[in-house]
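One-letter residues, chain by chain:
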Amino acid sequence: MSVVKAKQAMIAQLLEREHHFMSPASFANMDSSVSSGPNTDPWREKVIGWYFSVVSALDRQQPNIVGANPFNRTSVHVTTALLDKYLQSLPSERSRRYRRDRSAYQLLATTCLLLGMRLAHHDMAKESRQEDEERVVLGEMKRTKTHRDGMDQVDATSGSTNRGTITTADVPNASTILRISAAPKAITEDNILALVREITGSRAFPRCKSITVLDFLRTFSSSSTHACEEDGCSLGPVEAQEAYRLADSSLADSSFAGYRPSVVACAIILVVLLRSNTFGLDVSSLRQIVYRSVLGSQIDAEIQAAVRQLEVKLLRSALRPAAASTSRIIVPRAVVSTAAHVIPVETE
C-alpha cells in the first residue's frame, strides 16, 4: 500500500470513529447551549493552563518512563474532550450550575483530569501492544523468508542494553491528584470518586478510544518537508509543531468545544499551510486539497463555513508568540514550577 493510500485509510478510520464518538448535535457545528458567548466557561482558560502544568510536572517527576506515557499533551486533549462532552450531555440547568459554581467546577475539572490521564494511558498502552505485536509478526515473516541464522541476535541482545533506571507510568489516583493540586478541603477523595462513578456511567464517557484533534494532526505530520498536492497534504516538522501549538491554544476557548475534531484539525492545517504557502497554489485550490485530505467526501457548505469560522479564530492565535516547549510537551504561556499546582479557579 502506498503512503498516500495508507494515510487515506487512517483518516477514513478516524472519521468513522469520530462519527461514533460525537453526538449528532455537535457533529458539524456547536450546540446552541455552548455558543452563547466567546468563552462561556469563566474559568476554562485557567483550568486548561493548570492541566498542562500538572501533566508537565508529573512528566518531570517520572523522566525514565518506557512505553505508554500519559504525561503529555494527549492527556490534556482527552481530559478537555471529556470535560466538554460531559457538560454538553447534562440537562441545561445542571450544566449552568457547573459554569456558575466555582467549587463544583473545580471538582469536575479535577475529576476529569484523573479520568483523562487514565483514558490516555489505556489508549497508549493498547496502541503500544498492537505495535509490538505487529513488529513480532513482521519479524517472524522476515526470518521465515530470509532463513538467516543471525536474525535472532537482535532479540537476544535488545534486552541487555543499558538504558538506566526505567519505569512504567505511575498514573495518579484521587488522593494524589488532591495532594499535587493543593485542593481546597471542600474537595475530598469521596467527592471525586462519587463523580467518577457518575461520569463513567454517563453517555458522555467514551466506550472506545477518544478521538481528538491530535489524532488527525499526527496523521498528517511528516519527518520531511510540508507538501500540498492533488493527492493530499502533509506537515513538515516545523509546521507540525505550529499545528500542535494552535491545537493546544484552542483548548482554552470553549467556542471550539462543539466542533468535531476533524473540523478543528482541518482549520489548523489550513492556517499553517496558508501561512507557509510555497506551493504556487491559489488559496481556493489549497483549501480544496486540505478539505479533501482531512474530511474526505464530507465537504458540504455547512462544514466549510465552520472551518472558515475557526480559521479566523486560529489566525489570531497564530500571530501570538510561540510558547516555550520541552521535548515532550508544550505548555501554553506557562512557566511551570516544580512545586505543587494550586487549582487556579479558587481565586478570582
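1. Quick notes on the overall build of the protein
- Across its full length, the protein holds 13 helices and two strands.
- Here the protein, with 348 residues, has 48% of them falling under the buried criterion.
- When contacts within the protein are restricted to residue pairs at least 6 apart in sequence, those whose partners lie at least 24 apart make up 80%.

2. As for the nonpolar core
- Core analysis: the largest hydrophobic core is formed by 47 residues, its most contacted members being Tyr-51, Leu-108 and Ile-199.
- For this core, the elements supplying multiple residues, two or more each, are α2 (44-61), α3 (73-89), α5 (102-146), α7 (174-180) and α8 (189-200).
- Examining the composition of this core, we find that 13 residues originate from one element, α5, more than from any other.

3. Thoughts on α8
- The end-to-end C-alpha distance of α8, which contains twelve residues, comes to 16 Å, matching closely the 16 Å that a straight helix rising 1.5 Å per residue would cover.
- Every buried residue belonging to α8 is among Ile-192, Leu-195, Val-196 and Ile-199, and all of these are buried. Down the axis of α8, the buried set is contained in an arc of 110°. They therefore lie on one face. Set apart from the buried face of α8 by more than 90 degrees, the exposed residues are Asp-190 and Arg-197.

4. Describing the side chain of Asp-123
- Looking at the secondary structure, you find Asp-123 in helix α5.
- Although buried, Asp-123 forms no salt bridge, and the nearest oppositely charged side chain, Lys-209, lies 5.0 Å from it.
- Leave out the neighbours within four places in its chain, and Asp-123 touches Lys-209 and Ser-210.

5. Points about α2
- Taking 1.5 Å of rise per residue, the 18 residues of α2 would be expected to cover 26 Å, and the 26 Å separating its terminal C-alpha atoms lies within 8% of that figure.
- Counted residue by residue, α2 has 13 buried out of 18 residues, so it is predominantly covered.

6. Brief notes about the environment of Ala-265
- Following the sequence through the fold, Ala-265 ends up in helix α11 (residues 261-275).
- On a C-alpha basis, the gap between Ala-265 and Val-307 in space is 9.0 Å, while along the polypeptide they are 42 residues apart.
- If near-sequence neighbours (up to four positions away) are discounted, Ala-265 is found in contact with Val-213, Phe-216 and Leu-217.

7. Considering the environment of Ala-81
- As for its position among the elements, Ala-81 is in helix α3.
- Owing to a relative accessible area of 21%, Ala-81 belongs among the partly exposed residues under this scheme.
- Spatially, the C-alpha atom of Ala-81 lies 8.0 Å from that of Ser-210, the residues being 129 residues apart in sequence.

8. Some details on the confidence of the model for the protein
- Summary statistics for the protein give a mean pLDDT of 76 and a share of 72% for residues scoring 70 or more.
- Counted against residues more than four places away or in other chains, residues 144-166, with its pLDDT under 50, gives ten contacts.
- Scored below 50 in pLDDT, residues 323-341 makes 45 contacts in the model with residues more than four places away or belonging to other chains.

9. A short note on the pattern of salt bridges
- Enumeration over the complete set of coordinates arrives at nine salt bridges.
- Across the pair Glu-93 and Arg-96 runs a salt bridge whose closest N-O atoms are separated by 2.9 Å. In this pair, Glu-93 and Arg-96 are both assigned in helix α4 (residues 92-100), three residues apart and thus about one turn of the helix distant.
- The exposure class assigned to Arg-96 is partly exposed, which follows from its relative accessible area of 34%.
- Its salt-bridge partner being Arg-245, residue Glu-242 comes within 3.1 Å of it at the nearest N-O pair. Taken together, the positions of Glu-242 and Arg-245, both in helix α10 (residues 237-250) and three residues apart, correspond to about one turn of that helix.
- The network of salt bridges with shared partners includes Glu-242, Arg-245 and Arg-275.

10. What to know about the packing of aromatic side chains
- For the coordinates displayed, the defined rule picks out three aromatic pairs.
- Taken together, a centroid distance of 5.5 Å and an interplanar angle of 55° make the contact between Trp-43 and Tyr-105 tilted. Linking Trp-43 in the loop between α1 (3-21) and α2 with Tyr-105 in helix α5, this pair joins segments that are 62 residues apart in sequence. For the pair Trp-43 and Tyr-105, a shared accessibility class is recorded, and that class is buried.
- Aromatic side chains Trp-50 and Tyr-51 sit 5.6 Å apart centroid to centroid with 40° between the ring planes, which places their arrangement in the tilted category. Across the pair, Tyr-51 and Trp-50 agree in class, each one buried.
- Here Arg-97 stacks its cationic end above the ring of Tyr-98, 5.6 Å away from the centre of that ring.

The rules behind these values
Residues numbered from 1 in each chain as written. Predicted model: local features only at pLDDT ≥ 70, side-chain atom pairs only at ≥ 80, totals over all residues. Heavy atoms only, no water. Helix = DSSP H or I, 4+ residues; strand = E, 2+ residues; numbered from the N terminus. Buried < 20%, exposed > 50% of the residue type's maximum accessible area, 1.4 Å probe, protein only. Contact = heavy atoms within 4.5 Å. Core = buried A, V, L, I, M, F, W, Y, C linked by side-chain atoms within 4.5 Å. Expected span 1.5 Å × (residues − 1). Arc of directions from axis to C-beta. Lys, Arg positive; Asp, Glu negative; His and termini not counted. Salt bridge = Lys/Arg side-chain N within 4 Å of Asp/Glu carboxyl O. pLDDT = per-residue confidence, 0-100. Phe/Tyr/Trp six-rings, centres within 6.5 Å; stacked < 30°, edge-to-face > 60°. Lys NZ or Arg CZ within 6 Å of the ring centre and 35° of its normal.

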